[in-house]
Amino acid sequence: MAESKQSAEATVSDVQKKIRAAFEAFDYESNNTVDVREIGTIIYSLGCFPSQADLHDLIAEVEEDQTGYIHLDSFLPVMSKDLLLQAFEVLDKEKRGYLEPEELTKYMTQEGEIFTQEEMDEMLTALADHEKNVVYYKDLINQLTIDPDM
Amino acid sequence: MGCGMGKSEPLLKKCHQAISAALLIQRWYRQHVARLEMRRRCTWNIFQSIEYAGEQDQIKLYNFFGFLMDHFTPASSERNLISHIFRKNEICRDTEWERYFCYKSIEVTKIYTGPHLTFPMMFCGVSKLVEAFKHKEQLHARYVLQLLGETWRLLRTFPNISHVIACHTKQITICGDLHGHLEDLLLIFYKNGLPSSDKPYVFNGDFVDRGKNSLEILLILFGFLLVYPNDVHLNRGNHEDHIVNLRYGFTKEVLGKYRVHGKKILKLLQMIFSWLPLATVIDNKVLIVHGGISDTTDLDKIACVDRQKYASALRPPKMKVHGCMTKMNENREREACGQWKAGVDSAPDHWHDLPRRSLNNTPVCSKLDLSVDEKLNRRCRLSGFDQARCELKNSDSYLESKTTETDLDEWKQIVDMLWSDPMPQNGCIPNEVRGGGCYWGPDVTEEVLRRNNLQLLIRSHECKQDGYEFCHNRRVITIFSASNYYEVGSNRGAFIRMGPDLVPHFIQYQASTTCRELTLRQSVGWTERSALQALRKQLFVHRSDLISAFQEFDPNNKGMISVTHWASTTERVLNLGLPWRVLRPQLVSSTQHGMMDYQQWIKELSITEPKLEISDNNILDTMYKNHSNLETIFRIIDTDHSGLISFKEFHQTWELLRSHLKTEISAKAIADLAQSIDFNKDGSIDINEFLEAFRLVDISAHN
């Protein structure tokens, strides 16, 4: 299992590296920006195949004020957000859009960089919907974006 | 949007996926929590800095009054306005006081629906009182005066330091600042039980101010004190002080709740406060005191002082020092220029150690002209403490110089006990952030504990996120019992339970049902918004100073300034010791290439203008900056506590403030202002209306 974990770790940072590398390939002026028309190509090269509508949404989210350019700083978190969403979807096999606390607990406390019980309790308090007692991960990801500046 | 993946996956790949997924989620969550924690600490700093700056302000104002008292001729009308706050407790005979505070003539009529008390106070009486306050009832003035009278009589029999022996069968409970938060006291009683001979309590000062139920807390604590005088111990805090109360809300609360008898109640409380014991010692091993200690703390000396002489710890007894006070005013101006403050530029590595006060975190870097030591020495000199003693020793023009020096010594002991704060570095330096007492280091803790044969110091005075905190190698505990002190969700409260083994156990809590349901993220966001609001108000209030300071870096008047200059200048003007660069994203909406438009930024602070038409900007600015000072002065001048002052008094208030601040405000401007706020044109000004009109409202709060 240890090797899997190591390679899994590698996968995570690998992915970030891959995104950067793909981006750089199209960054002609070496200023961390790419033409918006190239975004589709970049994303396909990463092994992802979004629909046109999805692609359109993504571009709307990251384009710099109609300039026709996209900056790496905007792109990375969105891609990361997307990866995060996929991560949750891997755990949510039935694609219900949420995770039960027990399911999440199982993964967090048994896989990867294991959470302590205390951390787990805290996570559930922070993330679980109080009424339904499930974790609606899609909303959470949108609300808690990772800001590369901070 | 999703990546294309084949439906049939080899098992290994599935495991691999799950691990990667878990890892990603874990990393994301941990990063999120770390950022939240960083934001929480930053917010904390903001509140704390503004709070302490307010305390410092208060002390400066009071020092200014002292200066006036000493330097104006007796006939001066300004002096007369404020002289009554300095009048020492006249050496009245007890019978005279008894007559003054007599409650017997106050009748309790049938319309009164609150609790009825009988004396001597018994357990059922005080628990009835607790229940009544729980149901938001108010105690009749007659009973208030009676209860306070009994308390006063009892406190006079207590020594300066209460000694408690820990007993095999009982645990002793120690509570910190309550600050009028009745809900916290009730929560403590709920969790821990009411005080009794089986359940001794120590309450470590600051029962009043800020919260809305300071009086109810006092009445409950005094009630229990009367019933169990050997098992309930009260220590005096820096807020058990009528001068401080003028500013921080207790005076207002009492006068609001008791319109007819409020003044008497306040006077009686003034005396009671001066009779509160200064410290408690458990088993001769654990010292409990509100603020802390200094390198000169001497428990034997403290045991001998005549504590009731110090109605307010802010003023030394009969201090007539010639050169000293002027020096202090000079120093104040130097402070305003912030010459000793290097632009504290918090780099990200300092995030885990955010500067609580710039004093503790001034980095030694090449930009500074002085070494850290030199700067610390300068601060010592600037504080005026040493100055006062020097001047005193050198002068020989008073007959009572000997007594005065002992008095000064005593006074320092008391102020240090009530106002000091611990610091991480060794040494002992004046506490300039608060304006009174010291900052003392771990070496001083060791020395004072050793000298007095003690093993632990428990103090309060500072709000702590988790309700308590250890420092100085776990030899000092700070215990704070007012939860949600800065804002709903800002912090927990805590109390200590200690058995005969003298090992402290902590119980934490947070009052208010709403905040318990808030998620971590929400409560941080809420508190943060509140802190930023408070900060924006401070910035707005200083906008003229800020703009002139910014213009120094904008010689061509382009209206732009670099972010670096913005940060260092804002710190220089506001003097709050905050990490402005870290706060920038939340205070400044946009920057271009590291530059910002400062005029636009000030506009964007979104603070509304007052409802009145005032053309003189100088007055406006002064009003905003000195809101609390003005209120304090008003309340002092309004001797009959009617809430109204005459035009003449209003004018005199401004005169006082003007001399204190050395600003230029024309007499005409003040007269115009007076006219415009006399809403009903009856020749007098309603204090509350006046202050309300100038209360800053953050319009962005409505978004």
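Residues numbered from 1 in each chain as written. Chains lettered and ligands numbered in written order. Predicted model: local features only at pLDDT ≥ 70, side-chain atom pairs only at ≥ 80, totals over all residues. Heavy atoms only, no water.

**Overview of helix α22 (residues 580-587) of chain B**
- The set of residues buried in α22 of chain B consists of W580, V582, L583 and L587 of chain B. Each buried residue of α22 of chain B sits inside an arc of 150 degrees when the element is viewed along its axis, so together they form one side. (Buried < 20%, exposed > 50% of the residue type's maximum accessible area, 1.4 Å probe, protein only. Helix = DSSP H or I, 4+ residues; strand = E, 2+ residues; numbered from the N terminus. Arc of directions from axis to C-beta.)

**A closer look at the nonpolar core**
- Formed by 65 residues in total, the largest nonpolar core has its most connected members in L139, L148, F203, F207, L219, L234 and L269 of chain B.
- Within the second largest apolar cluster, 37 residues are counted, among which are I50, I561, V573 and W601 of chain B. (Core = buried A, V, L, I, M, F, W, Y, C linked by side-chain atoms within 4.5 Å.)

**Focus: the confidence of the model for chain A**
Residue and element names in this part refer to chain A.
- On average, residues of chain A score 76 in pLDDT, and 81% of them are at 70 or above.
- Averaged over each element, pLDDT in chain A is lowest for helix α1 (residues 2-26) (67) and highest for helix α5 (residues 101-110) (87).
- Below a pLDDT of 50 lies the segment residues 146-150, which in the model reaches eight contacts outside its immediate sequence neighbourhood of four places, other chains included. (pLDDT = per-residue confidence, 0-100. Contact = heavy atoms within 4.5 Å.)

**What to know about the UniProt feature "domain: EF-hand" (unreviewed entry) in chain A**
- Here, UniProt's "domain: EF-hand" (unreviewed entry) annotation points to residues 14-49 and 79-114 of chain A.
- Taken end to end, residues 79-114 of chain A has its terminal C-alpha atoms 25 Å apart, with 64% of it in helix and 0% in strand. (UniProt positions renumbered as here; feature names shortened; annotations may be inferred.)

**Thoughts on the pattern of salt bridges**
- A full pass over the atoms with the stated rule returns 24 salt bridges over all chains.
- We note a salt bridge from D92 of chain A to R96 of chain A, for which the minimum N-O separation is 3.2 Å.
- Here D92 of chain A falls in the buried class, since its relative accessible area comes to 0%.
- Since its relative accessible area comes to 27%, R96 of chain A is described here as partly exposed.
- For E469 of chain B, the salt bridge goes to K464 of chain B, with nearest N and O atoms at 3.1 Å.
- Classification of K464 of chain B by relative accessible area gives buried; the value is 8%.
- One network of salt bridges, with partners in common, ties together E113 and E119 of chain A together with R27 and R30 of chain B. (Salt bridge = Lys/Arg side-chain N within 4 Å of Asp/Glu carboxyl O.)

**As for the pairing of strand β2 (residues 172-175) of chain B**
All names here are of chain B.
- Side chains I172 and I174 of β2 all project onto a buried face; the interleaved residues T173 and C175 project onto the opposite face, where all are buried too.
- Here four bridges tie β2 to strand β13 (residues 493-498), and the two strands are oriented antiparallel to one another. Across the sheet, residue I174 finds its bridge partner in β13, namely I496.
- Taken together, the three bridges between β2 and strand β3 (residues 201-203) define a ladder with parallel strand orientation. Across the sheet, I174 pairs through a bridge with V202, a residue of β3.
- Handedness of the crossover joining β2 and β3 through helix α6 (residues 182-192) is recorded here as right-handed. (Pairing = 2+ DSSP bridges. Right-handed = clockwise from strand over helix to strand, strands pointing away.)

**Topic: the environment of H181 of chain B**
Residue and element names in this part refer to chain B.
- Here H181 is to be found in the loop between β2 and α6.
- Looking at H181, the relative accessible area reads 10%, which means it is buried.
- Taking C-alpha positions, H181 is 9.2 Å from D209, a pair spaced 28 residues apart along the chain.
- The residues touching H181, leaving out its near neighbours within four places in the chain, are G211, I217, A482, S483, N484 and Y485.

**Describing the environment of T67 of chain A**
- Within the secondary structure, T67 of chain A is located in the loop between α3 (52-62) and β2 (69-71).
- Residues T67 of chain A and D35 of chain A, spaced 32 residues apart in sequence, show a C-alpha to C-alpha distance of 9.2 Å.

**Thoughts on the sheet that holds β2 of chain B**
Residue and element names in this part refer to chain B.
- Spatially, β4-β3-β2-β13-β14 is the arrangement adopted by the five strands of the open sheet, whose pairing is mixed. Looking at the sheet topology across the chains shown, the edges are occupied by β4 (232-234) and β14 (504-509). Adjacent strand axes in the sheet meet at a mean angle of 20 degrees, parallel and antiparallel pairs treated alike.
- α6 contacts β2, β3, β13 and β14 of the sheet and is inclined by roughly 125 degrees relative to β14.
- The strands touched by helix α7 (residues 214-227) within the sheet are β3 and β4, with β4 carrying the most contacts at an inclination of about 130 degrees. (Axes fitted to C-alpha atoms, helices over the stretch in contact; angles between N-to-C directions.)

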